[in-house]
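Take a look at the letters that make up each chain.
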Amino acid sequence: MVIDLNADLGEGFGIWRLGDDLALLDIVTSANVACGFHAGDPVTIRRTCAAAVDRGVTIGAQVSYRDLAGFGRREMDVEPEELCAEVLYQMAAVDGIARAMGGRVSYVKPHGALYNRVVRDPVQAAALIDAVLDYDATLPVLTLPGSAVHAAAAEAGISTVTEAFADRAYTPSGTLVSRREEGAVIHDPDLVAARAVRMAVEGTVTAVDGSRVSVAARSMCVHGDTPDAVRLARAVRDGLLEAGVAIQSFA
């Protein structure tokens, strides 16, 4: 059993800092680097990419709606051509900085509201995939099992990687519970670690209604902006290793 451990990083902006990126980079194998549309600025992106390269952590472009004020968590109706161009812009920016630091962007992961929208919206999913195809067709895209992204990517010849969330609650349909709802984010390290192990070993998770949902995944996410994110990520890593799961980047 092999699984990637990823976290959302580089989400500070200007003098505002969010999370402990350096500590998380010592734990994870993949870094979803904010591209400046929901969070992140040139200095933060540069520092995050440099630190990831120093630690041998794989860099991904965490693309988003253009929504700094809402941290990319407000759903938006964006025309497909515009969304494609904005995703392309973000990938190119972070990849350029990553290459200057001695690395490169090796995958793409949508953030927040865009992530959830493309799971169910084939039009926006296709716009996302079109941007990846325009920039680098070898880049895989992280998404949920059952996402509309899989069909759009298959049609375009883009690979996808299924992802699970150790610190998020699931609906019975296998999607993430909205952050507007109580209990959407799980904060107990022991519970988060146990869920991560079950998802990695059994490919299932218990949904909010008590049902068992299939979430077979190659990558596991722990959010960098969650309180005690470092503690949660370390608990997940330790739990997976104790269960005999090898932790290795997919890219």
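Structure report, in brief. The residue numbers shown here count from 1 along each chain, following its written sequence. Selection of residues for local features in this predicted model requires a pLDDT of at least 70, selection of side-chain atom pairs for listing and counting requires 80 or more, and totals for whole chains, interfaces and linings are taken over all residues. Side-chain measures here rest on the full set of heavy atoms in the structure, leaving out hydrogens and waters.

Let us look at the overall build of the protein chain. Runs of E in the DSSP output that reach at least two residues are strands. Runs of H or I that reach at least four are helices, and both are numbered from the N terminus. Along its length, the protein chain carries eight helices and ten strands. Each radius of gyration is computed over the set of C-alpha atoms, and the globule rule expresses the reference value as 2.2 Å times the number of residues to the power 0.38. Over its C-alpha atoms the protein chain spans a radius of gyration of 17 Å, differing by no more than 12% from the 18 Å that the globule rule assigns to 251 residues. Taking the principal axes of its C-alpha atoms as reference, the protein chain extends roughly 40 × 35 × 35 Å. Of all 251 residues assigned to the protein chain, the portion counted as buried reaches 56%. Carbon and sulfur atoms provide 52% of the accessible area of the protein chain, an area that totals close to 10400 Å². The positive count covers Lys and Arg only, the negative count covers Asp and Glu only, and His and the chain ends enter neither. In plain terms, the charge of a residue is placed at NZ if it is Lys, CZ if Arg, CG if Asp and CD if Glu. Positive and negative side-chain charges in the protein chain, numbering 22 and 33 respectively, have mean positions lying 4 Å apart. Buried means the residue's accessible area, taken with a 1.4 Å probe over protein chains only, is under 20% of the maximum for its type, while exposed means over 50%, and partly exposed covers the values in between. Calculation of accessible area relied on Shrake-Rupley with a 1.4 Å probe; when residues are assessed, cover is drawn exclusively from the protein chains displayed.

Quick look at the side chain of E163 now. Mapped onto the elements, E163 comes out in strand β6 (residues 160-165). Judged by its relative accessible area of 0%, E163 is buried. Pairs of N or O atoms within 3.5 Å make up the polar contacts considered here, provided that, within protein, one atom can donate a hydrogen while the other can accept it, and that residues adjacent in sequence are counted only when both atoms are side-chain atoms. Within the local environment of E163, its side chain forms a polar contact with the side chain of K109, the two groups lying 2.7 Å apart. Reaching out from E163, the side chain makes a polar contact with the side chain of Y115 at a distance of 2.8 Å. Whether two residues touch is decided by their heavy atoms; if any such pair falls within 4.5 Å, the residues are in contact. Those residues in contact with E163 that sit more than four places away from it in its chain are N6, K109, Y115, L142, T143, L144, P145, Y170, A217, S219 and C221.

Further remarks concern the state of the cysteines. For the purposes of this analysis, a disulfide is any pair of cysteine sulfur atoms at a distance within 2.5 Å. Applying the stated criterion to the full structure yields zero disulfides. This cysteine, C84, is not joined by any disulfide, and C35 carries the nearest cysteine sulfur, 14 Å off.

Looking now at the packing of helix α5 (residues 122-135) against helix α6 (residues 148-156). To get an axis, fit a line to the C-alpha atoms, keeping to the stretch in contact for a helix; angles then go from 0 to 180 degrees between the N-to-C directions. At a minimum axis distance of 8 Å, the contact between α5 and α6 shows a crossing angle of 45°. What the angle tells us is that α5 and α6 run oblique. Both α5 and α6 take part in a crossing whose hand is right-handed. Packed against α5, whose contacting residues are P122, A125, A126, L128, I129 and L133, the element α6 presents A148, V149, A152, A153 and A156 at the interface. As a working rule, the residues Ala, Val, Leu, Ile, Met, Phe, Trp, Tyr, Cys and Pro are called nonpolar, Asp, Glu, Lys and Arg charged, and the rest polar, with Gly in that last group. The residue makeup of the contact of α5 with α6, split by class, is eleven nonpolar, no polar and no charged. When describing relative orientation, an angle under 35 degrees is termed roughly parallel and one over 145 degrees roughly antiparallel, while 65 to 115 degrees is termed roughly perpendicular and anything else oblique. Helix crossings are classified by the rotation of the near helix relative to the far one: an anticlockwise turn of less than a right angle makes the crossing left-handed, while a clockwise turn makes it right-handed.

What follows deals with the pattern of salt bridges. Any Lys or Arg side-chain nitrogen located within 4 Å of an Asp or Glu carboxyl oxygen qualifies as a salt bridge. Within the structure shown, the criterion is met by 13 salt bridges. Residue K109 is joined to D8 by a salt bridge in which the shortest nitrogen-to-oxygen separation is 3.7 Å. You can see K109 sitting in strand β4 (residues 105-110) and its partner D8 sitting in strand β1 (residues 2-9), a full 101 residues away along the chain. D8 carries the same exposure label as K109, and that label is buried. Taking the shortest distance from any N to any O, the salt bridge between R99 and D95 comes out at 2.9 Å. Pair noted here: R99 and D95 are both in helix α3 (residues 80-100), with a separation of four residues, about one helical turn.

This part is about the environment of D238. With respect to the secondary-structure elements, D238 resides in helix α8 (residues 229-242). The sequence separation of D238 and A193 amounts to 45 residues, and the corresponding C-alpha distance is 8.1 Å.

Before going further, it helps to examine the pairing of β6. Inspection of the sheet shows strand β5 (residues 141-143) paired to β6 by three bridges, in the parallel sense. If you follow V141 over to β6, its bridge partner there is T160. The pairing criterion is simple: DSSP has to find at least two bridges between the two strands. As judged from the three bridges shared by β6 and strand β9 (residues 219-221), these two strands associate in the parallel manner. Residue pairing across strands places A164 opposite M220, the latter belonging to β9.

Here the distance between the centres and the angle between the planes together describe a pair of aromatic rings. Two aromatic rings from Phe, Tyr or Trp, using only the six-membered ring of Trp, form a pair when their centres are within 6.5 Å; if the ring planes differ by under 30 degrees the pair is stacked, by over 60 it is edge-to-face, and anything between is tilted. Applying the stated criterion across every chain, the model contains three aromatic pairs. Relative to Y89, the ring of F37 has its centre 5.8 Å away and its plane inclined at 40°; by these criteria the two rings are tilted. In this pair, F37 is assigned in the loop between β2 (30-34) and α2 (42-55) and Y89 in helix α3, connecting sequence segments 52 residues apart. Assessed through its relative accessible area of 11%, F37 is described here as buried.

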